[in-house]
Amino acid sequence: MPKIQFINPTEVRKPGEVNFQPIPVNKYQKTVKDERGNFTDDELKRIYHDMVVIREFETMLNLIKTTGEYSGVPYNHPGPAHLSIGQESAAVGMAYTLTVEDFIFGSHRSHGEILAKGLSAIAKLSDAELTQIMDTFFDGSTVEVVKKGFSGSVKELARRFLIYGTLAEIFARETGFNKGLGGSMHAFFTPFGVYPNNAIVGGSGDIAVGAALFKKVNRKPGLVVANIGDASMACGPVWEGLSFAAMDQFNELWEGDMKGGLPVIFNIMNNQYGMGGQTCGETMGYGIAARIGAGVNPDQMHAERVDGYNPLAVIDAYKRKRKIIEEKRGPVLLDVLTYRFSGHSPSDASSYRSKEEVEAWQEQDCILGYAKQLVDAGVSTDSELEAIWADVKSLMVDMLKLSINDEVSPRMDMDKYPNLIGDMMFSNQPADSLGTATPDVNHPMEENFRVQQIAKKERFAFDKDGKPFSKMKQYQLRDGIFEAIVDRYYKDSTLVAYGEENRDWGGAFAVYRGLTEALPYHRLFNSPISEASIVGTAIGYAMCGGRVIPEIMYCDFLGRCGDEVFNQLPKWQAMSGNVLKMPVVMRVSVGSKYGAQHSQDWTSLVAHIPGLKVCFPVTPYDAKGLMNSALQGTDPVIYFESQRIYEIGEQFHKDGVPEGYYEIPFGEPDVKRAGKDITILTVGATLYRALDAAKLLEEKYGMSAEVIDARSLVPFNYEPVIESVKKTGHIIISGDANSRGSFLNEFARNIAELAFDYLDAPPVVVGSRNWITPAYELEDSFFPQPSWFLDAIHEKIVPLKDYIPGQNFTNLEQIRRAKLGV
Ligand SMILES: Cc1ncc(C[n+]2csc(CCOP(=O)(O)OP(=O)(O)O)c2C)c(N)n1
Ligand SMILES: [Mg+2]
């Protein structure tokens, strides 16, 4: 526990200074001749071959984009192609020593990295392993295309498979590595250790760290490389990934075989440009990118710059850095100097750099320079190298022809199967556990003090006379969440949870109290204050096969992990062609009392994004059942909780919250109060105010309200709501989100369409005002109150006798507010 780490004021207040070690720059200067003893001639020639494959692949794409043909084969590719011509030695050097268990992540410009890592994997895998991979990937449908009429070796077939699979993906063919749903900027192939590439630059900066966390926690072999552009070193997720990767706790608090640094290498593909911005001298201030490591931790991330124009220099660096990783002294940062001759994209006129500069780098072309060394050292001859290039070229022509042939490489048939992509958005594949190991725990579950405490609680809020038990005695909403999570911890060895104050504090709202005692550090820990990396690492962890619960302390902090929640978490299952699953249950607490930046209900923001399941349970029974469903699934779930009601007991499920395991399916709204005159559909904790309103309506106006708790936003089954409206003819939709643009309106629109014939008045939305959330003392004028329901009914649905409304729900006022934008 951190409290054993005594912070001694006498020690920390002593004067002194911080010293830095020199950062090596391009120290490796050896040539092929110098390295002959360390490589076979075949290995040295393979380095050349792999660089040529990338060069020719990219040249082909460049010609297709700029001239519409390659070697007489015409093709129009309207999509992106960010090429790395000039950078081949950096990619091959990075991948050459990596094993199949080592994973790489990259960016929009990663074709070269895919090919380099793929070729490296092919060299290392046996024929049997390669055959197995190719024959089982998409049931052999990709290899089928390149097998036809081919009689070469398995390794040659695998090379065809790699080039074809990548190219077909770029051209959006169903036989591509991701069924054509990823494309040029996202393509990857996990059986060769190539993990997602990311069109959101810097996006891999935290995701790759999560993959390294997965390897460490689940005792998997291999290291993880995050390939990041030099300009993307400015991106928030990269810095947050660095902070997460360098946490002291890996060394100071994690125990046994878990002690030690994360196996991750941040590999800066430093081509010295963003799109048109020069990173050194213009857009960044690091001068030499390797300097970044010096500020991160005392090891300075073992950072150095290597001359990425020399593949041997990069290979040498990787051999040395692997040792550091194996000694558990990661993370590592490498600044791999390179240069792209190609523009940012083929349409780029390179107006931001001089012709002289490009020519000067072309003169030192990494492939030509290396070829000369091979010949000078007597490893190869010019004609042998020419033959390699000619062979690669003819391979490219063949693979191009196959990949653009609509018969053998069709696109997904959206005419015949219009729901194909829809069917791929969620995996909907339940799994008790994603691991086979025995879960690491500190004691049997029954010995846990919280489990014992909960066992003594009343699982229904009221006694037999209808009197509520004391707060302490009631089984609370937070207990429901806890029970589901602790149960899964003892079932699934891969499950980890982390976020701010998750451990000794017991979670910011005491949901995790007791878990600190039950679990070792590596399964429950405090993260840095770094929402992007909390979610980003969870994504990386999940895409490698682990289950994870990242926590965002306040809903308002969603903006800090916007890219992760909006662009990464929801997309990778479909964008991978369903190769990946995303078992992430993201807990998000919706606040109150803390004003404008801590009290917003942003359920609508995430419900808007395709690919996320969204729920907001507000009773202990629902909280446990929905958390069980979330944790049993393999889809990303945003699980909202309300800080107003962590202590609330179970008031609806008369038998009390079951002690054993049960699930509540996503998408099923629940009638919390039966009625016949009006339906109130609520999202979140507004339920309780709606129930108060229902009581008032009954008592004062004899109106019987049916109150339905939405429980989930995505997916959502409208049928029970329509059934209710058939009976009542009226509906109010209410929640704590500010009403403009909220999901409440989505409900209203759908209900208006689906239940039009049964409605006597249009659906009415009662949300919060379109203001900042004010101080606690003023909240009643901002969030829907019980009286607001009556106000709305009186004005919009049916006049209530002698009623004087408090809030103004008239059409005139609605128009006035809209005009003002408030
Ligand atoms: C978050 C984000 N911002 C901006 C872009 C547009 N963009 C695409 S590539 C690029 C430059 C990236 O430079 P660098 O990281 O050095 O990689 P390089 O293109 O040089 O390989 C930019 C700004 C983007 N894709 N994502
Ligand atoms: Mg760059």
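Placed above this text is the structure.
The notes below deal with the structure included here.

1. Notes on the layout of surface pockets
- For the largest pocket, the calculated volume is near 600 Å³.
- In terms of lining residues, the largest pocket is bounded by 25 residues, among which S739, V765, F809, Q814 and R817 are the most central.
- Contributions of two or more residues to the lining of the largest pocket are made by β20 (764-768), α29 (786-797) and α30 (811-820).
- Top element by residues in the lining of the largest pocket is β20. It accounts for 5 residues.
- As a volume, the second largest pocket reaches approximately 400 Å³.

2. Overview of the sheet that holds strand β19 (residues 731-738)
- Strands sit in the order β15-β17-β16-β19-β20 across an open sheet of 5 strands; the sheet is mixed. In this open sheet, the two edge strands, each paired with only one partner strand, are β15 (670-673) and β20. Put simply, the sheet's adjacent strands are angled 25° from each other on average, direction ignored.
- Examined bridge by bridge, strand β16 (residues 678-683) and strand β17 (residues 705-709) share 5 bridges and lie parallel to one another. In the sheet register, I680 faces β17, and the bridge partner there is V707.

3. Things to note about the sheet that holds strand β8 (residues 332-337)
- Strand order in the open sheet formed by 6 strands is β4-β3-β5-β6-β8-β7, and the pairing between neighbours is parallel. One side of each edge strand has no neighbouring strand; the edge strands of this open sheet are β4 (194-198) and β7 (304-307). Pairs of neighbouring strands in the sheet enclose a mean axial angle of 20°, with direction left out of account.
- Inspection of the sheet shows β7 paired to β8 by 4 bridges, in the parallel sense. Looking at β8, one finds that R305 is bridged to D335.
- Running over the sheet, helix α9 (residues 204-217) touches β3 (103-107), β4, β5 (224-229) and β6 (264-270) and is turned about 175° from β5.

4. Digging into the site of ligand 1
- Close to ligand 1 lie 14 residues; H108, R109, D230, S232 and N271 are nearest.
- Within the backbone of A199, an N or O atom sits 2.8 Å from a nitrogen atom of ligand 1.
- Tallied by class, the residues present in the shell around ligand 1 amount to 6 nonpolar, 6 polar and 2 charged.

5. Focus on unusual backbone geometry
- The linkage connecting G330 with the following residue, P331, adopts the cis geometry, with an omega of 5°.
- Within the fold, P331 resides in the loop between α13 (311-326) and β8.
- Look at the link from V714 to P715: it is a cis peptide, with omega at -5°.
- Among the structural elements, P715 can be located in the loop between β18 (712-714) and α27 (719-728).
- Here the phi dihedral of N26 falls at roughly 45°; this positive angle occurs in a residue that is not glycine.
- Here N578, not a glycine, exhibits a phi torsion of approximately 65°, which is positive.
- Mapped onto the elements of the fold, N578 is located in the loop between α23 (572-575) and β12 (585-590).
- Exposure remark for N578: the relative accessible area of 32% places this residue in the partly exposed category.

Conventions used here
- Residues numbered from 1 in each chain as written.
- Chains lettered and ligands numbered in written order.
- Predicted model: local features only at pLDDT ≥ 70, side-chain atom pairs only at ≥ 80, totals over all residues.
- Heavy atoms only, no water.
- 1 Å grid on protein atoms, 1.4 Å probe; cavity = no way out; pocket = protein on both sides within 12 Å on 5 of 7 lines; lining within 4 Å.
- Points joined across faces, edges and corners; volume = space filled by probe spheres on them.
- Helix = DSSP H or I, 4+ residues; strand = E, 2+ residues; numbered from the N terminus.
- Pairing = 2+ DSSP bridges.
- Axes fitted to C-alpha atoms, helices over the stretch in contact; angles between N-to-C directions.
- Contact = heavy atoms within 4.5 Å.
- Near = heavy atom within 4 Å.
- Polar contact = N/O pair within 3.5 Å; in protein donor to acceptor, adjacent residues only side chain to side chain.
- Nonpolar A, V, L, I, M, F, W, Y, C, P; charged D, E, K, R; others polar.
- Buried < 20%, exposed > 50% of the residue type's maximum accessible area, 1.4 Å probe, protein only.

What is shown is where atoms sit, not what they do.
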